[in-house]
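Chain and residue survey
This is what each chain is made of:
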Amino acid sequence: MTELLYLSDAYVTTFTARVVDLRDGGIALDRTHFYPTGGGQPHDTGVLAGLSVTEVRKGGTDVWHTVEGGPLPSIGDEVEGTVDWDRRHRLMRTHTALHVLCGVIWNEWHVPVTGGNMEPLSARMDFEFDPLPEGFAARIEELVNVELVADRAIEVSFLPRDTAVQDADLIRTKVSLIPDSVTEIRVVDIVGLDKQADGGTHVHSTAEVGRLRVLKLENKGKGNKRVRVEIIDV
Ligand SMILES: [Zn+2]
C-alpha cells in the first residue's frame with residue numbers, strides 16, 4: 001500500500017522512498033509524491049531512481065510509476081524521486097480554478113457539476129444547465145476572476161466520515177457517494193467559497209491561480225452543458 005504524500009503537502013517535489021514491487025517498466029513505492037491519474041487530474045511526470053517517469057497510475061492500493069530506460073532498482077532499495085514542478089504547479093492552478101468555477105456557478109445559479117477533466121492550464125467542466133443563462137461565458141469569467149483576485153485561502157483537512165457526511169457544503173457535492181469503506185475524508189476548502197471532498201493537488205491561495213478565460217461553450221445534450229476554459233498568467 002503506497003502512502004500518498006501529496007495529499008498532505010502538494011508543494012514537496014523531492015522525496016525518498018523504498019521500492020516495494022517491480023514489473024516491466026514499472027516501480028511501486030512505499031510512499032510517493034507523484035500524483036496518479038484520477039479525479040479528472042492527470043498524473044505527474046519527473047525522475048525516479050534516475051529514470052524518467054512517463055506515467056503514474058493507481059493499481060489497487062499501490063501507485064505504479066512507469067519509467068523509461070533502466071536498469072530498474074531492486075525491491076527494498078531506497079530511491080529518490082523528483083516531481084516535475086512546472087507541470088505539477090500548472091495542474092494545481094488548474095484544479096483550484098475548477099473548484100472556484102464550481103463554487104461561483106453554485107452560488108449564482110445553484111447548478112451542480114456533472115463531470116470534468118483537466119490538462120495543465122486548460123480544462124473542461126460539464127454542468128446541469130438547461131438552457132445556459134444569457135451572457136453565461138462573460139458572467140462566469142467575471143465571477144471567477146473576482147474570486148481569484150480576492151486571494152482566498154485554500155485549506156486541506158481530513159475529516160472522519162461521520163462528520164463529513166453531516167456537513168451541508170459537502171452534502172451538496174455528494175459526499176455520501178464516497179464508499180463506506182473510506183473512514184477519513186479529505187476536504188479541500190476554498191474558504192468562504194467552495195468545499196469539496198477531493199483527492200487532488202491545489203495551490204495555497206486563489207491568487208496563485210492566475211486568471212481564467214472561457215474558450216468555448218458546448219451543448220452536450222439535455223441538462224449537460226460543457227464549459228472549456230484556460231488558465232492564464234497575470
Ligand atoms: Zn477537484
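Scroll up to find the structure this text is about.
Calculation notes
Residues numbered from 1 in each chain as written. Predicted model: local features only at pLDDT ≥ 70, side-chain atom pairs only at ≥ 80, totals over all residues. Heavy atoms only, no water. Helix = DSSP H or I, 4+ residues; strand = E, 2+ residues; numbered from the N terminus. Buried < 20%, exposed > 50% of the residue type's maximum accessible area, 1.4 Å probe, protein only. Contact = heavy atoms within 4.5 Å. Pairing = 2+ DSSP bridges. Axes fitted to C-alpha atoms, helices over the stretch in contact; angles between N-to-C directions. Phe/Tyr/Trp six-rings, centres within 6.5 Å; stacked < 30°, edge-to-face > 60°. Expected span 1.5 Å × (residues − 1). Donors = N, O, S within 2.8 Å, 3.2 Å for Na, K, Ca; no water.

**Structural notes on the side chain of E218**
Structurally, the position occupied by E218 is in strand β14 (residues 211–219). Taking the relative accessible area as the measure of exposure, E218 reaches 15% and is therefore buried. Those residues in contact with E218 that sit more than four places away from it in its chain are N224, K225, R226 and R228.

**A short note on the sheet that holds strand β9 (residues 113–119)**
What the four strands build is an open sheet, ordered β9-β10-β15-β14; its pairing is antiparallel. Edge strands, defined here as strands with exactly one partner in the open sheet, are β9 and β14. Here the strands of the sheet are splayed against their neighbours by 20° on average, with no regard to which way each runs. Pairing of β9 with strand β10 (residues 122–127) involves six bridges; the strand directions are antiparallel. Bridging across to β10, E119 finds its partner in S122. The sheet contacts of helix α1 (residues 85–109) involve β9, β10, β14 and β15 (225–232), and relative to β10 the element is tilted by about 25°. Against the sheet, helix α2 (residues 136–149) touches β14 and β15, its axis set at about 150° to β14.

**Focus: the packing of aromatic side chains**
For the structure on display, the rule yields seven aromatic pairs. Look at W109 and F136: their rings are 5.2 Å apart centre to centre, the planes differ by 55°, and that puts the pair in the tilted class. Taken as a pair, W109 in helix α1 and F136 in helix α2 lie far apart in primary sequence, 27 residues in all. F136 sits in the buried class, given a relative accessible area of 2%. A centroid spacing of 4.9 Å and a plane angle of 65° characterise the contact between F129 and F136, whose relative ring orientation is edge-to-face. What links up through ring pairs into an aromatic cluster is the set W109, F127, F129 and F136.

**A word on α2**
Here α2 is 14 residues long and its end C-alpha atoms lie 20 Å apart, about the 20 Å a rise of 1.5 Å per residue gives. Listed as buried for α2 are F136, I140, L143, V144, N145, E147 and L148. As for α2, its buried residues are in contact with α1, β14 and β15. Just downstream of α2 lies D151, where phi reads positive at about 60°.

**Describing the coordination of the zinc ion**
Only H95 (NE2), H99 (NE2) and D198 (OD) from the protein reach the zinc ion as donors, at distances of 2.0 to 2.1 Å. Between consecutive donors of the zinc ion, the numbers of intervening residues give the motif H-x3-H-x98-D. Highlighted residues: H95 and H99, both in helix α1, separated by four residues, approximately one helical turn. H95 gets classed as buried once you look at its relative accessible area, which sits at 4%. Residue H99 is classed as buried on the basis of its relative accessible area, which comes to 4%.

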